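# Residue-level structural notes
One letter stands for each residue in the lines below.
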Amino acid sequence: MIRLFRVLVPNNVLALIVSEIALIYTCYIMAGYLATDFSSDVFLMDDRGLWRITLIALIIVVGLHFHDLYDSYHIYSRIVLIQQFCFVIGVAFLMQAILSYGRWDIILPKWQMVYGSVLVLVVVPAWRILFSSAVVKSIGSQKVLFVGASNAMHEVANRIAERPELGLTVIGCVGGDDAAIAMQG
């Protein structure tokens, strides 16, 4: 774990954030080469294109954070994941629209924003799915045996089963009415 601003951040979460930021940058830079008629190198370096992409990447990562996508690696539904990404990208478009009213020179060109967002919507959720499956497999699991049988123990066991990224597997419980009660896990 790494300590950032007095908060312990797991290495896997930090790796996920950094890799997603790199993918978002890559998607919007590639979109710049696809969408612009003028030289994208000039746009990126001379016209503050990298700062504009940084603003969009920051909006997307903060939106993903507010959707709690950095709290858990387990993907319950790919459709819900895509919906969350669509919402975050929609917020990024909304922020671009609000910034355009101020006539500030910090917004991305329209088609670069559209193409880059489509690329982000395809690439980043796919990366998230691959990353989560790799992390869950690499962590392995520790076996947990409960002492005693109660409703609270069953709730804890169900919560552990719902969160495989914790690296815990419930193998059963000992005690209570029966000598050993096997759990579904």
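Cut-offs applied
Residues numbered from 1 in each chain as written. Predicted model: local features only at pLDDT ≥ 70, side-chain atom pairs only at ≥ 80, totals over all residues. Heavy atoms only, no water. Helix = DSSP H or I, 4+ residues; strand = E, 2+ residues; numbered from the N terminus. Buried < 20%, exposed > 50% of the residue type's maximum accessible area, 1.4 Å probe, protein only. Contact = heavy atoms within 4.5 Å. Phe/Tyr/Trp six-rings, centres within 6.5 Å; stacked < 30°, edge-to-face > 60°. Polar contact = N/O pair within 3.5 Å; in protein donor to acceptor, adjacent residues only side chain to side chain. pLDDT = per-residue confidence, 0-100. 1 Å grid on protein atoms, 1.4 Å probe; cavity = no way out; pocket = protein on both sides within 12 Å on 5 of 7 lines; lining within 4 Å. Points joined across faces, edges and corners; volume = space filled by probe spheres on them. Expected span 1.5 Å × (residues − 1). Axes fitted to C-alpha atoms, helices over the stretch in contact; angles between N-to-C directions. Parallel < 35°, antiparallel > 145°, perpendicular 65-115°, else oblique. Left-handed = near helix turned anticlockwise from the far one by under 90°. Core = buried A, V, L, I, M, F, W, Y, C linked by side-chain atoms within 4.5 Å. Salt bridge = Lys/Arg side-chain N within 4 Å of Asp/Glu carboxyl O.

It is worth spelling out the overall build of the protein chain at this point. Scanning the protein chain for helices and strands turns up six helices and five strands. Along the protein chain, helices and strands appear, N-terminal first, in the series β-β-α-α-α-α-α-β-α-β-β. Here the protein chain holds 185 residues, and 32% of them are scored as buried. Within the protein chain, contacts between residues separated by at least 24 positions form 73% of all contacts whose residues are at least 6 apart in sequence.

This next bit is on the packing of aromatic side chains. With the rule as written, the count across this model stands at two aromatic pairs. When the ring of Trp 111 is compared with that of Tyr 115, the centres are 5.9 Å apart and the planes differ by 35 degrees; the resulting orientation is tilted. Residue Trp 111 and its partner Tyr 115 are both found in helix α5 (residues 110–139); the two are separated by four residues, about one turn of the helix. Using a relative accessible area of 46% as the deciding quantity, one classes Trp 111 as partly exposed. With a relative accessible area of 38%, Tyr 115 lands in the partly exposed category. Here the aromatic rings of Trp 127 and Phe 131 are separated by 5.7 Å at their centres, their planes lie at 50 degrees, and the arrangement is tilted. Linking Trp 127 with Phe 131, this pair stays in helix α5, spanning four residues, or about one helical turn. Look at Phe 131 and you get buried, because its relative accessible area is 12%.

By secondary structure assignment, the location of Arg 52 is in helix α3 (residues 49–66). A polar contact of 3.0 Å, which involves the side chain of Arg 52, links it to the backbone oxygen of Ile 107.

Here the protein chain averages 80 in pLDDT, while 79% of its residues score no lower than 70. Taking the mean pLDDT of every element in the protein chain, the minimum, 45, falls on strand β5 (residues 180–182) and the maximum, 91, on helix α4 (residues 78–101). Here residues 178–185 scores under 50 on pLDDT; set against residues more than four positions off or in separate chains, the count is 14 contacts.

Unfilled space is identified by rolling a water-sized probe across the atoms. Of the voids in this model, the largest pocket is the one considered here, and its volume is about 220 Å³. Along the wall of the largest pocket there are 14 residues; nearest its centre are Leu 69, His 74, Ile 75, Tyr 76 and Gln 84. Of all the elements, α4 adds the most residues to the lining of the largest pocket, at three residues. Within this model, the second largest pocket holds a volume of roughly 150 Å³.

Between the first and last C-alpha of α4 there are 35 Å, a value that for 24 residues agrees with the 34 Å anticipated at 1.5 Å per step. The N-cap of α4, judged by a side-chain oxygen 3.3 Å from the amide nitrogen of Ile 79 a few residues on, is Ser 77. Positive backbone phi, at 60 degrees, marks Arg 103, one or two positions downstream of α4.

At their nearest, the axes of helix α1 (residues 11–35) and α3 sit 10 Å apart, and the two run at 135 degrees to each other. It follows that α1 is oblique to α3 by the angle criterion. Like other packed secondary-structure pairs, α1 and α3 cross with a definite hand, here right-handed. Counted together, Ile 17, Glu 20, Ile 21, Ile 24, Tyr 25, Tyr 28 and Ile 29 of α1 and Leu 50, Ile 53, Thr 54, Ile 56, Ala 57, Ile 60, Val 61 and Leu 64 of α3 form the full contact between these two elements.

Among the nonpolar cores identified, the biggest contains 25 residues, and Ile 24, Tyr 28, Ile 60, Leu 64 and Val 120 are the most heavily contacted of them. Among the elements that take part in this core, α3 stands out by supplying seven residues, more than any other. If near-sequence neighbours (up to four positions away) are discounted, Tyr 28 is found in contact with Ile 53, Ile 56, Ile 60, Leu 108, Gln 112, Met 113, Gly 116, Ser 117 and Val 120.

For the structure on display, the rule yields one salt bridge. Its salt-bridge partner being Glu 20, residue Arg 128 comes within 2.8 Å of it at the nearest N-O pair. With Arg 128 in helix α5 and Glu 20 in helix α1, this residue pair connects regions lying 108 residues apart in the sequence. In this structure, Arg 128 and Glu 20 share a single accessibility class: buried.

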